[in-house]
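So you can see what is in the structure, the chains are spelled out below.
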Amino acid sequence: MFFKWLLNQMHAKPKLTVADVLSQCKQSNDYTEFLNHQKGFPYILSYYETLIDADRLNQDVTPYLKKEAKTLEELIEDVPIQNKEISDDPQQIKTKVMQGFVLLRKKGEGHEVALIEVTMDSGREVQRPEVEFSVSGPQESFVEALQININLIRKRLPMPQLKVEQLTVGQLTKTKVALLYIEGIANEENVNTIRQRIDKIEFDQVVDSNSLAQMITDKSLSIFPQLINTERPERVAAVLAEGKVAFLCDGSPEVIFGPSTLVEFFSSLEDYYLTWQIATFVRLLRFFSVTFSVLSTPVYIAVLTFHYELIPKDLLATIIASRSNIPLPPFIEAIILELTIELLREAGARLPMRVGQTIGIVGGIVIGQASVEAGLTSNVLLIIVALAALASFTTPVYQMGNTIRLLRFPFMIAAAALGLIGITVCTIYLIVHLLRLTSLGRPYLQPIYPFRFKDFRDAFVRMPFSWMAERPQLTRPKDRGRLNFFRANERRDIDE
């Protein structure tokens, strides 16, 4: 034991002191120190000028520092800023200074310092959603400021049961992470799962909520996202009320929540602003669109390569005429068109908005028409690929849309190799993969597997709110009920 202790002492890092922290800070050109020669208690004011708000420092700090002070406590007693403290912990001092605190210490003494928050607020204002745009409903989206994002959620859930836990991740970035859940509704197992996974992260930099989600996901090798990201505060409030757990990073305009199911990725918040009949129709249309987007091109390749007998006679003549001058096999022809669509989509996303829209529209028309006239692709396949690309845009969650885009290619390869048998094998493999997939330990295919009949009322269809009296079973909430039938009927009778 003695030799083990001696070995640890030899390899142990020297203990950090306040003087060491100040010495490290002074090596940067944007670190400023100011010495005040007032009688009785001369003090040194230190800060990073790129992190603090100079106007707040000159208006709310320096005029209120007591000239007759004898201690640090008396010096900052009248400063009208809530976040201020006295500390002698070098690590805490280092962290606070790097977060935009000013440091006050007595001249000649460096063991104890006063810390006052005057952080520069340079974030953008709350704006309209850009990714999850909707015609009806609130038009607010998250920003990069953590406090503002929490405020947007608390406005929609004004209750003390909404708990916010502050965590820190990233050895270099020291990113603040807020963990949100409703006490009394959220299952403690889900909360502990996310908390423990975040605490175990040893990566040196975490700058965005989506990066953090990839680090704590159940199956990192799967192309399917297992946690949902959103930029809309009302959606976060809705899922928290269902018993889910959410987290967000400082500097990221998106919130991640879970556990989630595959069906939820095709559900839009706008579904709940429409009547249940229209919402159900739109939701079923999305499922059909995704299925068409994945299978349409592979089925075309399989039929033209192996199964001509499946084509009706009236349609066969049209397809033969469209492919009479095409020198390429259907697989190569489809790959060329699919990659062209992906190139146009990626170029349009990376260019400025107006230029990107022009490139996408004009480029698609010009390249499509030119490829048909040059005899590289058939007009029938061009229509199918264009419809498949259009159908992939119906997915409300952007991450799932990327997954659908990628899924087409293995299906196309299987169709070119084995025809419809290849598509069947690919489909079976996909189903098995989804059956084994979990989100925070919860089944990814619920309510299909395991079968939950009650959860089907808000899965492929969206039934009236009076039919959704219980929270989903996926999250195992402590409080299942969300509608008081007796009170609702009583109030309805009074109104009548």
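In the nomenclature of an unreviewed UniProt entry, the chain corresponds to Spore gernimation protein GerA from the organism Halalkalibacterium halodurans. Per UniProt, the comment on the chain under Sequence similarities (unreviewed entry) is "Belongs to the GerABKA family."

Per the UniProt entry, the sites bearing "transmembrane region" (unreviewed entry) are residues 284–306, 380–399 and 411–432 in this numbering. Within the segment residues 411–432, helix and strand shares are 95% and 0% respectively, and the terminal C-alpha atoms sit 15 Å apart.

The next subject is the sheet that holds strand β8 (residues 228–230). Across the sheet, five strands lie side by side as β6-β7-β9-β10-β8; this open sheet has antiparallel pairing. Looking along the sheet, the strands with just one partner apiece sit at the ends: β6 (162–169) and β8. On average, each strand axis in the sheet is inclined to that of its neighbour by 25°, with strand direction left out of account. Strand direction decides the pairing type here: strand β7 (residues 175–182) and strand β9 (residues 245–249), joined by four bridges, are antiparallel. Note on β9: the bridge partner recorded for valine 177 is cysteine 249. Across the sheet, helix α8 (residues 209–216) touches β7, β8, β9 and β10 (255–258), and the angle it forms with β9 is around 130°.

The grouping of Ile383, Leu387, Leu390 and Phe393 at the surface amounts to a nonpolar patch, some 420 Å² of accessible area in total. In this fold, phenylalanine 393 is placed in the loop between α14 (379–392) and α15 (398–418).

One finds Ile153, Phe224, Leu240, Leu262, Met400, Leu434 and Tyr444 to be the most contacted residues of the largest nonpolar core, which totals 58 residues. Each of domain 2 (146–260) and domain 3 (272–442) gives at least three residues to this core. Setting aside anything within four residues of it in sequence, one finds phenylalanine 224 in contact with Leu262, Met400, Thr403, Leu407, Leu430, His433, Leu434, Leu437 and Tyr444. Within the second largest apolar cluster, 20 residues are counted, among which are Val177, Ile194, Ala213 and Val245.

What follows covers the domain arrangement of the chain. Entries for the chain in the domain assignment read domain 1 (1–117), domain 2 (146–260) and domain 3 (272–442). Averaged C-alpha coordinates put domain 2 and domain 3 at centres separated by 34 Å. Of the residues lining the interface, 22 residues belong to domain 2; the matching set on domain 3 comes to 17 residues. Summed over both partners, the interface of domain 2 with domain 3 buries about 1,700 Å², with 62% contributed by carbon and sulfur atoms. At the junction of domain 2 and domain 3, the tally comes to one salt bridge. A salt bridge links glutamate 189 to arginine 442; the nearest nitrogen and oxygen atoms lie 3.6 Å apart. On the surface where domain 2 and domain 3 come into contact, there are nine residue pairs in polar contact (both at pLDDT 80 or more). Sorting the residues of the side of domain 2 that touches domain 3 by element identifies α7 (188–199), β8 and α9 (233–241) as the ones contributing at least two each. By residue number, the principal contributor to the side of domain 2 that touches domain 3 is α7, which donates five residues.

Glancing now at the pairing of β9. Most of β9 sits inside the fold, with five of its five residues counted as buried. For β9 and β10, the ladder comprises four bridges, and the chain directions are antiparallel. Looking across to β10, one finds that leucine 248 is bridged to valine 255.

Counted according to the given criterion, the structure contains eight aromatic pairs. Feature note: the residues Phe266, Phe287, Phe451, Phe456 and Phe460 constitute an aromatic cluster, connected by ring pairs. Arginine 462 extends its terminal NZ or CZ atom over the ring of phenylalanine 465, reaching a point 4.6 Å from the ring centre.

The next subject is the sheet that holds strand β4 (residues 101–106). Strand order in the open sheet formed by five strands is β1-β2-β4-β5-β3, with antiparallel pairing between adjacent strands. Edge positions in the sheet fall to β1 (31–36) and β3 (84–87), since each has one partner strand and no second. This sheet shows a mean twist of 20° between the axes of neighbouring strands, independent of strand direction. One ladder, built from four bridges, connects strand β2 (residues 43–48) with β4; its direction is antiparallel. Among the inter-strand pairings, isoleucine 44 is bridged to a residue of β4, identified as arginine 105. Against the sheet, helix α2 (residues 18–26) engages β1, β2, β4 and β5 (113–117), with an angle of about 120° to β1.

Rules and cut-offs
- Counting starts from 1 at the beginning of each chain's written sequence and moves along it residue by residue.
- The predicted origin of the model limits local features to residues at a pLDDT of at least 70 and limits the giving and counting of side-chain atom pairs to 80 or more, whereas totals for whole chains, interfaces and linings rest on all residues.
- Hydrogens and water molecules were not included; the side-chain quantities draw on all heavy atoms of the structure.
- UniProt positions are given in the numbering used here, feature names are shortened, and annotations may be inferred rather than shown by experiment.
- Only DSSP runs of H or I with at least four residues qualify as helices, and only runs of E with at least two residues qualify as strands; both kinds are numbered from the N terminus onward.
- DSSP calls a pair of strands paired once it identifies at least 2 bridges connecting them.
- Helix axes are fitted only over the stretch in contact, all axes being lines through C-alpha atoms; the angle between N-to-C directions runs from 0 to 180 degrees.
- Throughout, a contact is declared for two residues whenever any of their heavy atoms are within 4.5 Å.
- Only residues whose relative accessible area exceeds 30% and that take part in no salt bridge are eligible for patches, with like-charged residues grouped when within 9 Å of each other and nonpolar side chains (Val, Leu, Ile, Met, Phe, Trp, Tyr) grouped when within 5 Å.
- The Shrake-Rupley method, run with a 1.4 Å probe, gives the accessible areas here. Residue values count only the displayed protein chains as cover.
- Any Lys or Arg side-chain nitrogen located within 4 Å of an Asp or Glu carboxyl oxygen qualifies as a salt bridge.
- Nonpolar cores are built from buried Ala, Val, Leu, Ile, Met, Phe, Trp, Tyr and Cys residues. Side-chain atoms within 4.5 Å join them into one set.
- Buried, partly exposed and exposed residues are distinguished by accessible area as a fraction of the type maximum, computed with a 1.4 Å probe on protein chains only: under 20%, between the cut-offs, and over 50%, respectively.
- The split of the chain into domains comes from an automatic or database domain assignment.
- Buried area adds together the accessible area that both of two parts lose upon being put together, with accessible area traced by a 1.4 Å probe.
- Counting of polar contacts relies on pairs of N or O atoms within 3.5 Å, with two restrictions inside protein: one atom must be capable of donating a hydrogen and the other of accepting it, and residues adjacent in sequence are counted only when both atoms are side-chain atoms.
- Whether two aromatic rings pair depends on their centres lying within 6.5 Å, for rings of Phe, Tyr and Trp, where Trp uses its six-membered ring; planes under 30 degrees apart make the pair stacked, over 60 edge-to-face, and the rest tilted.
- In this scheme, Lys NZ or Arg CZ marks a charge over a ring once it lies within 6 Å of the ring centre and within 35 degrees of the ring normal.

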